[in-house]
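A closer look at the structure
Listed below, chain by chain, are the residues.
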Amino acid sequence: MSNFEDLYRDIILDHYRSPRNRGELAAPPAHRVEGFNPLCGDEVVIYLDVRDGELRDIKMSGHGCSISQSSSSLMTAAVKGKSLEGVRQLVDAFLDLMTVGESGPATDASHNGDDELRRWGELAALRGVVKFPVRIKCATLAWHTLLQGLNELSPP
Amino acid sequence: MSNFEDLYRDIILDHYRSPRNRGELAAPPAHRVEGFNPLCGDEVVIYLDVRDGELRDIKMSGHGCSISQSSSSLMTAAVKGKSLEGVRQLVDAFLDLMTVGESGPATDASHNGDDELRRWGELAALRGVVKFPVRIKCATLAWHTLLQGLNELSPP
Amino acid sequence: MSSFNALRVRADVPELRRFVNGRRITYLDSASTSLPPRSVIEAMSRYYELRHANVHRGVFQTANEATEAYEGSRSAVARFINAPGGGDEVVFTKNTTESFNLIARSWGATHMRAGDVVLVTEMEHHANIVPWFQLRDAIGIEVRFIPVSDDFRLELRDLDALLRDVKLLSVTATSNVLGTKNPVEELARAAHARGALIAVDGAQSVAHGPTDVTKWDIDFLAFSGHKVLGPTGIGVLWTRQGVLDTMPPFLGGGGMIADVRTDGFLPAAGVARFEAGTPPIAEAVGLHAAIRYLDALGMANVSAHEDALTADALTRLSETFNGRVRVVGPCDTRERGGVISLDVAGVHPHDVAQVLDQFAVCVRPGHHCAKPLMRRFALAATARASFGPYSLRRDTDVLLEGLEAALKLFG
Amino acid sequence: MSSFNALRVRADVPELRRFVNGRRITYLDSASTSLPPRSVIEAMSRYYELRHANVHRGVFQTANEATEAYEGSRSAVARFINAPGGGDEVVFTKNTTESFNLIARSWGATHMRAGDVVLVTEMEHHANIVPWFQLRDAIGIEVRFIPVSDDFRLELRDLDALLRDVKLLSVTATSNVLGTKNPVEELARAAHARGALIAVDGAQSVAHGPTDVTKWDIDFLAFSGHKVLGPTGIGVLWTRQGVLDTMPPFLGGGGMIADVRTDGFLPAAGVARFEAGTPPIAEAVGLHAAIRYLDALGMANVSAHEDALTADALTRLSETFNGRVRVVGPCDTRERGGVISLDVAGVHPHDVAQVLDQFAVCVRPGHHCAKPLMRRFALAATARASFGPYSLRRDTDVLLEGLEAALKLFG
Ligand SMILES: Cc1ncc(COP(=O)(O)O)c(C=O)c1O
Ligand SMILES: Cc1ncc(COP(=O)(O)O)c(C=O)c1O
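With that out of the way, let us pick up the pattern of salt bridges. A side chain of one charge can pair with a side chain of the opposite charge when the charged atoms of the two come close. By the definition in use, this model includes 75 salt bridges over all chains. Close ionic contact of Arg393(C) with Asp312(C) constitutes a salt bridge, the shortest N to O distance being 3.2 Å. Here Asp312(C) lies in helix H11 (residues 299-321) and Arg393(C) lies in helix H14 (residues 393-410), a separation of 81 residues in the sequence. For Arg393(C), a relative accessible area of 47% translates into the label partly exposed. Look at Asp312(C) and you get buried, because its relative accessible area is 17%. For Asp116(D), the salt bridge goes to Lys167(D), with nearest N and O atoms at 3.5 Å.

Printed below as a string of structure tokens:
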């Protein structure tokens, strides 16, 4: 599979065309947090419904490229219903995955075994992004924004 | 004769080693004028004794390279005793000689006939300077200073 | 008239031979930076191989040669833009952006007071906006904007009112987003009639058609080497002599002084006073080669060539995509240059550019450093294709092919 | 230890093969500008031939490559000077001079008030004097000078008193006139002990020995590409992260903003905020190649090589001319670098340089942009010879031959 096809996998395009958890939650009681990528103008708004240490519901709106939109859709699907601790762990792991060192990707999910892939589930579709360093910011925008929202709710 | 030998002619070296009209005049009654080349630090001080429209006496002091020193020495010898009008004409002609256009010297005294050479006398020794554009400022410092002095005495 | 042959220009530009993703490069990003021809690259290499030395004050031969090369470039720039006062009006900066900062901090800070107005336009590049905000924050001037109409032109009906209290009108000759060409001569007349000066941003115009600061009757012109087939690291600020003489130094250091003592300094006369430190010498040599190259092409020819390409591209974009690809800019080529901003239905500019990269087509997605303009048209970004003298009709073929693919992938 | 062979370095530098006045060039003007090796020249040519594009925000392949090349150079610079915070502390400017102007106008204007003192030295280059006078004229700071002793060193006995009210000590690592190396680590300790920061002018040091901003414990370091075997048109300002974070933008324009609206702007984070407009991209590529080249030579080797050349030259100058040629600078090579200012009895520096040019020897006559220092020693000018890594003992042979001729001609 070429890098290009690895970037625009079917799952990505599917989430771009039919984003999950799109919409708003009344805030308050929900928590609203905004993320912005000044370089490309992408914007994401996330609504968090947190109760009893659990992310009961999450919605997102905003606009951006296919990578940022599908990444936020995939994210909402992955974190919804999880414990806050579980969410934090996933966010950290994802941002780690998206980190490129001086000489290319630090972690390349495609070299990892089945276990690893199973752990990531649909999110593994985003692993192709690391080969396009300029697009990493697109893929991580929603995740940074979510992290910021969690920190606002309960400082780490 | 190489350009280099043409620059450092014997007359130049002679005037550098034994400058004519070196010294000061009491000012007033003489007129004192200073010239300065900020790029190389050369300095010339000229004293003018002007009476009845004639440059009765001229002295110079200061420090600088062989070209600036010999040029001022040659200048004093050439202008002393001349009418102010004659001095102005000579200064203009000399500054003209030292002007380089975009594509090299505008006037090249060496191409001129014997007449021309006779007119310049010892000053003709300075004609080699035009082949060294960075040294032209050295050769003209005293002349610009003299012109300034004349203008201070009687605005043109 | 000089001879012009775009195929020959293309052959002169080494980067255009490169293959990316299995295809020869289709370079449509000249509005960001232009690709230098071999003669420019070689002029700089030869300079470094043979005559590199620091300029000014040197006595040895290569130092003289370097100085002549540097000053020769200054004179060539002056001739190229028809500067009435020659090289004495040409300051070398590092880019267009520094040129505008120089205008703001030297001329602006000296000649403007709190309440005075600098009039720019909604279609300016940040380089001609941010320095004025900085000056506003420092001394309290007002920064006023000429609006842009729905048909992508300057809205000049109220120009006379807009010019009230204006000391400087600062405007781009050609928009780097819309492609709009502004009526520089008319604006110069209006500004001067109100006692204001006029600065022109030539970043997008100088490489694409004749520049004549005398005929335009303007006071400042700024542009960048890297956008006129020249190198990075050099820019130009031309300033009319009578204005230049009233401007204090900008940066301080070697070369811009007449004297320095432990209690103060005296600035140098002329353009030297704006060139602190070792200047971009090799870059001036490269810029000279670029100007020589453009001159040989003939700027009127370049302009005609790019106009034809633009007209063709606009027609084909509209015929092929039937509204699915919108051009954000005027459609009449008499009012615009070869900068074509695209809004592709349902496809984000980043994705457009990414798909086009598969076809080795180089276009730029983003706000193009013109955020006020993007806001004006409620756009976050566009995908921008732009022509240069080496562009060919076949570049548009590949662009259309790539746009089809993008629409298909995301449709 | 890396291998070092000056003959091989010489073979790498194209300009050193040139003949002038019938002789091969003897280049003794590295303090003005250094001569780049072939690898530097070719790195830039290859860049323009293959991967030139504007940096940042590009999506297509060459734009990514250009961005990587530009940012890669930043990281390489950081490693070369051992910056604790890596590339995030390295700002590319146009030269050392702009670097000092940036310190003065961004850090200085923010952190200093009327009456605060910047402490420089009598041996500074104008680049580290004039920006401070400009700041003084703008906001009323005091510019104070550490005196230079008769034996050409900083007079540090009263340093503690001199440091009173000082917010910044700004000092050159090596004098470009005297060759004196200043005790940077000692000065850093003294400044920090008094709560002041320290900026170091590395223009004359970075190409001539190891640089370690972490070990030196300094706050700013400035130097120029063209003096480290690199290109013109690029300079470096390294600033410790904690200090950098407190500094507002300098020039305004594209690339240095987070947002621009019609009512104001928001600066970008990090070093981007100091790099307005298209940066010197090809120059960064050339600088990277220069650093790679110097690294391969080994800076300790370069330093040892130049020390040996300097010691030899000083001995021979004194033995050959018996006082008719005076060296204006320390005679102990442990205290000095390979910058040798000459005062030739009865021969003006201009004439010295002119005669030396006949021998194809390149030396620089003048005040070397250090007029306060020249006044301190009652000199109008000196003729300055200076070494680089490509210098050889035979260069001194030709220098001595030329000096003999100058003494003979004017004697
Ligand atoms: C000690 C010192 N500082 C600063 C500079 C200025 O460097 P640049 O002209 O590259 O800005 C020089 C070079 O002349 C220098 O020798
Ligand atoms: C209209 C316009 N002005 C100014 C600039 C800034 O040019 P530079 O980045 O070379 O300073 C650009 C280039 O991006 C431009 O298009």
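Still to come is the rest of the account.
Inspection of the region around ligand 1 gives 15 residues, with Thr97(D), Asp201(D), Gln204(D), Ser224(D) and Lys227(D) positioned closest. Flanking ligand 1 are residues from chains C and D. One of the side-chain nitrogen or oxygen atoms of Thr97(D) is found 2.6 Å away from an oxygen atom of ligand 1. At 3.0 Å, a side-chain N or O of His125(D) approaches an oxygen atom of ligand 1. Burial of ligand 1 by the surrounding chains reaches 95%, relative to a free accessible area of 400 Å². Of the residues assigned to the shell around ligand 1, the class counts are two nonpolar, eleven polar and two charged.

Our focus in this paragraph is the sheet that holds strand E3 (residues 54-63) of chain B. Picture the strands of a sheet paired through backbone hydrogen bonds; they go either parallel or antiparallel. Residues and elements named next belong to chain B. Pairing is antiparallel across the open sheet formed by three strands, whose spatial order is E1-E2-E3. This sheet does not close on itself; its edge strands, each paired only once, are strand E1 (31-37) and E3. Each strand axis lies, on average, 20° off the axis of its neighbour in the sheet, ignoring direction. When E1 meets strand E2 (residues 42-51), the two strands line up antiparallel, connected through seven bridges. Opposite Gly35, over in E2, you have Val44 as the bridge partner. Packed onto the sheet, helix H3 (residues 66-79) meets E2 and E3 and runs at close to 170° relative to E3. Helix-sheet contacts for helix H6 (residues 133-153) involve E1, E2 and E3, and the interaxial angle to E1 is about 145°.

This brings us to the packing of helix H11 (residues 299-321) of chain D against helix H14 (residues 393-410) of chain D. All names here are of chain D. Interaxial distance between H11 and H14 falls to 10 Å at its minimum, and their mutual angle equals 25°. In this view, H11 runs roughly parallel relative to H14, as classed from their interaxial angle. As for how H11 packs across H14, the hand of that crossing is right-handed. In this structure, H11 contributes Leu309, Asp312, Ala313, Arg316, Leu317, Thr320 and Phe321 to the contact, and H14 contributes Arg393, Thr396, Asp397, Leu400, Leu403, Glu404 and Leu407. The class makeup of the residues in the contact of H11 with H14 is seven nonpolar, two polar and five charged.

Moving on, we get to the interface of chain A and chain C. With 20 residues of chain A at the interface, the matching set in chain C holds 15 residues. When chain A packs against chain C, close to 1,400 Å² is buried across both sides, 55% of that on carbon and sulfur atoms. Taken as a group, Phe4(A), Tyr16(A) and Cys40(A) account for 34% of the area that chain A buries against chain C, more than any other trio of residues on that side. For the interface between chain A and chain C, the tally reads one salt bridge. The salt bridge involving Asp351(C) is made with Arg135(A); its shortest N-O contact spans 3.0 Å. If you list the elements that add at least two residues to the side of chain A that touches chain C, you get helix H1 (3-7), helix H2 (10-17), helix H3 (66-79) and helix H6 (133-153) of chain A.

Of all five pairs of chains in contact, the one with the most contacts involves chains C and D. The least C-alpha distance between chain A and chain B, which are not in contact, is 47 Å.

As a further point, take the packing of aromatic side chains. For the structure on display, the rule yields 24 aromatic pairs over all chains. Aromatic pair Trp107(C) and Phe220(C): ring centres 6.0 Å apart, planes at 75°, arrangement edge-to-face. With Trp107(C) in helix H4 (residues 96-111) and Phe220(C) in strand E9 (residues 220-224), this residue pair connects regions lying 113 residues apart in the sequence. The same class applies to Trp107(C) and to Phe220(C), which are both buried. Ring-pair connections join several aromatic residues into one group, and the members of that group are Phe4(A), Tyr8(A), Tyr16(A) and Phe410(C). The ring of Phe377(C) carries Arg376(C) above its face, with NZ or CZ at 4.4 Å from the centroid.

Right, let's talk about the interface of chain C and chain D for a bit. Between chain C and chain D, the residue contacts involve 95 residues of the former and 95 residues of the latter. Taking both partners together, chain C and chain D bury about 7,400 Å²; carbon and sulfur atoms supply 56% of that area. Seen at the junction of chain C and chain D, the total is eight salt bridges. No other element matches the eight residues that helix H2 (residues 38-51) of chain C contributes to the side of chain C that touches chain D.

So, on to the relation of the copies chain C and chain D. Rotating chain C by 180° and translating it 0.0 Å along the rotation axis places it on chain D, where the RMSD comes to 0.0 Å. Look at the turn and shift together and you get a two-fold axis relating the two. Looking at the rotation axis and the C-alpha trace of chain C, the residue lying nearest is Gly233(C), at 2.6 Å. Comparing interface residues between copies, 100% of those in chain C also sit at the interface in chain D, which points to an isologous, same-surface contact.

Residues and elements named next belong to chain C. By the element assignment, Leu159 lies in helix H6 (residues 159-162). A C-alpha to C-alpha distance of 7.8 Å links Leu159 and Ile146, two positions 13 residues apart in sequence. Those residues within four positions of Leu159 in sequence are excluded, and the remaining contacts are Leu119, Ile146, Leu187 and Ala190.

Thresholds applied
- Residues numbered from 1 in each chain as written.
- Chains lettered and ligands numbered in written order.
- Predicted model: local features only at pLDDT ≥ 70, side-chain atom pairs only at ≥ 80, totals over all residues.
- Heavy atoms only, no water.
- Salt bridge = Lys/Arg side-chain N within 4 Å of Asp/Glu carboxyl O.
- Helix = DSSP H or I, 4+ residues; strand = E, 2+ residues; numbered from the N terminus.
- Buried < 20%, exposed > 50% of the residue type's maximum accessible area, 1.4 Å probe, protein only.
- Near = heavy atom within 4 Å.
- Polar contact = N/O pair within 3.5 Å; in protein donor to acceptor, adjacent residues only side chain to side chain.
- Areas by Shrake-Rupley, 256 points an atom, 1.4 Å probe, with all protein chains shown as cover.
- Nonpolar A, V, L, I, M, F, W, Y, C, P; charged D, E, K, R; others polar.
- Pairing = 2+ DSSP bridges.
- Axes fitted to C-alpha atoms, helices over the stretch in contact; angles between N-to-C directions.
- Contact = heavy atoms within 4.5 Å.
- Parallel < 35°, antiparallel > 145°, perpendicular 65-115°, else oblique.
- Left-handed = near helix turned anticlockwise from the far one by under 90°.
- Buried area = accessible area lost by both parts, 1.4 Å probe.
- Phe/Tyr/Trp six-rings, centres within 6.5 Å; stacked < 30°, edge-to-face > 60°.
- Lys NZ or Arg CZ within 6 Å of the ring centre and 35° of its normal.
- Least-squares fit on C-alpha atoms with pLDDT ≥ 70 in both.

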